[in-house]
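A closer look at the structure
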Amino acid sequence: MGKAGPLRWRDGRGWLVLVGGGRPEDITHILRAAIEAMSDESPAVYVPTASAAPDGDHDTGQRIIAQIETLGGPVGYVAPIFTHTDATDLRNVRRLAQAGLVYLGDGLAQQLITALSDTPTLDALVAVYGAGAVVVAAGASACALGAWGLCEQEIVGWGWLPDALICPHYTEASTLREAVKAHPECLGLGIPQDTALALGPDNQVQTLSASGQQVTVVLGYRFRS
């Protein structure tokens, strides 16, 4: 288990990059850091599952992939994973299993969790992260990695950060504090737009922000005793 102070995250040789949100053109600094953290030149894969669009936000995915390639990253593509059935398709499992960078697009966290939970695609994501891949979770998708997430609604995440309540698109401190009061076993992470919290092997922690914004941390009562 990775650890820095009270913050813990899933063991792995890769990086977890939790992005507060933002347009592709506004998160260039985050994409550049993600590319630099890659362990090899395996493909970048955009996963559009969280998109509210019926067939996923393909245009945003193509823009992110094009930006990664422009910044000197590997070639990439959008994986057509929109439903739980898609996440059991062995072609999509192979796509994830070959990735060196996986970008989970913004949208609806519960949609991502429902589609990927208990599937071989999620198992492949766990495996590539463990082997050294970078997992970028943008906006609402970052909620899926916490014990809890605060986005379009309060959701139960996969627990990759087992003590964290993750709030992307963060602007309101009182909202995060109230959520943590309801979950005193957690610490709250408020991540603003165009800002990311990067968690790496060897207990590495970085804040990535072009504007100097910081990640807000609110400690639940369990951490204050």
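It should be noted that the structure appears before, not after, this text.
Below, the structure is looked at part by part. (Residues numbered from 1 in each chain as written. Predicted model: local features only at pLDDT ≥ 70, side-chain atom pairs only at ≥ 80, totals over all residues. Heavy atoms only, no water.)

Here's the deal with the overall build of the protein chain
How we decide: Helix and strand definitions follow DSSP, with helices as H or I runs of at least four residues and strands as E runs of at least two, each counted in order from the N terminus. Put simply, the radius of gyration uses C-alpha atoms, and a globule should come to 2.2 Å times the residue count raised to 0.38. Only the protein chains shown count as cover for residues, with accessible areas throughout obtained via the Shrake-Rupley method and a probe of 1.4 Å. Counted as positive: Lys and Arg. Counted as negative: Asp and Glu. His and the chain ends are not counted at all. For this purpose, a charge sits on NZ of Lys, CZ of Arg, CG of Asp or CD of Glu.
Summing up its helical and strand segments, the protein chain has eight helices and 14 strands in all. Expected size for 225 residues packed as a compact globule is a radius of gyration near 17 Å; at 16 Å, the protein chain falls within 12% of this value. Carbon and sulfur atoms make up 50% of the accessible area of the protein chain, which totals about 9400 Å². Between the mean site of the 14 positive side-chain charges and the mean site of the 23 negative ones, the protein chain shows a separation of 6 Å.

Section: the sheet that holds strand S11 (residues 187–190)
Rules: The criterion for strand pairing is that DSSP finds at least two bridges linking the strands in question. The axes used here are C-alpha line fits, helices contributing only the stretch in contact, and every angle between their N-to-C directions lies in the interval 0 to 180 degrees.
Taken in spatial order, the five strands line up as S9-S8-S10-S11-S14 in an open sheet, and their pairing is mixed. Bordering the open sheet on either side are strand S9 (154–156) and strand S14 (216–219), each of which pairs with just one other strand. Within the sheet, the average angular offset between the axes of one strand and its neighbour, ignoring direction, is 20°. Bridge count between S11 and S14: four bridges; the pairing is antiparallel.

Some remarks on helix H7 (residues 173–182)
Here is the rule: Accessibility here uses a 1.4 Å probe with only protein chains present; expressed as a share of the type maximum, an area under 20% marks a residue as buried, one over 50% as exposed, and anything in between as partly exposed. Directions are taken from the helix axis to each C-beta atom, and the arc is the one they span.
Turning to H7, its buried residues are Leu176, Ala179 and Val180. All buried residues of H7 lie within an arc of 100° about the axis, which places them on one face of the element.

Focus: the side chain of His183
What counts here: Definition of a polar contact: a pair of N or O atoms within 3.5 Å, with one able to donate and the other able to accept a hydrogen when the atoms are protein atoms, and with sequence-neighbouring residues admitted only if both atoms are side-chain atoms. Note on contacts: a residue pair is in contact if any heavy atoms of the two residues lie within 4.5 Å.
In this structure, His183 sits in the loop between H7 and S11. Looking at His183, the relative accessible area reads 8%, which means it is buried. Side-chain polar atoms of His183 contact the side chain of Trp148, separated by 3.5 Å. Setting aside residues up to four positions removed in sequence, His183 forms contacts with Trp148, Glu154 and Leu165.

As for helix H4 (residues 109–116)
Because each turn of an α-helix spans 3.6 residues, side chains separated by three or four positions in sequence point in the same direction. Within the sequence span of H4, burial applies to Ala109, Leu112, Ile113, Ala115 and Leu116. Residue Asp118 follows H4 closely and has a positive phi angle near 55°.

A look at the packing of aromatic side chains
Condition: For Phe, Tyr and Trp, where Trp contributes only its six-membered ring, two rings pair if their centres lie within 6.5 Å, and the inter-plane angle classes them as stacked under 30 degrees, edge-to-face over 60, or tilted in between. Throughout this description, the term charge over a ring refers to an Arg CZ or Lys NZ atom that lies within 6 Å of the ring centre and within 35 degrees of the ring normal.
Going through the model one piece at a time under the given rule, you end up with two aromatic pairs. Between Tyr46 and Tyr103 the ring centres are 5.4 Å apart and the planes differ by 20°, which places this aromatic pair in the stacked class. In this pair, Tyr46 sits in strand S4 (residues 44–47) while Tyr103 sits in strand S6 (residues 101–104), placing the two residues 57 residues apart along the sequence. For the pair shown, Tyr46 and Tyr103 are each scored as buried. For Arg10, the ring lying beneath its charged end belongs to Trp160, and the centroid distance is 5.2 Å.

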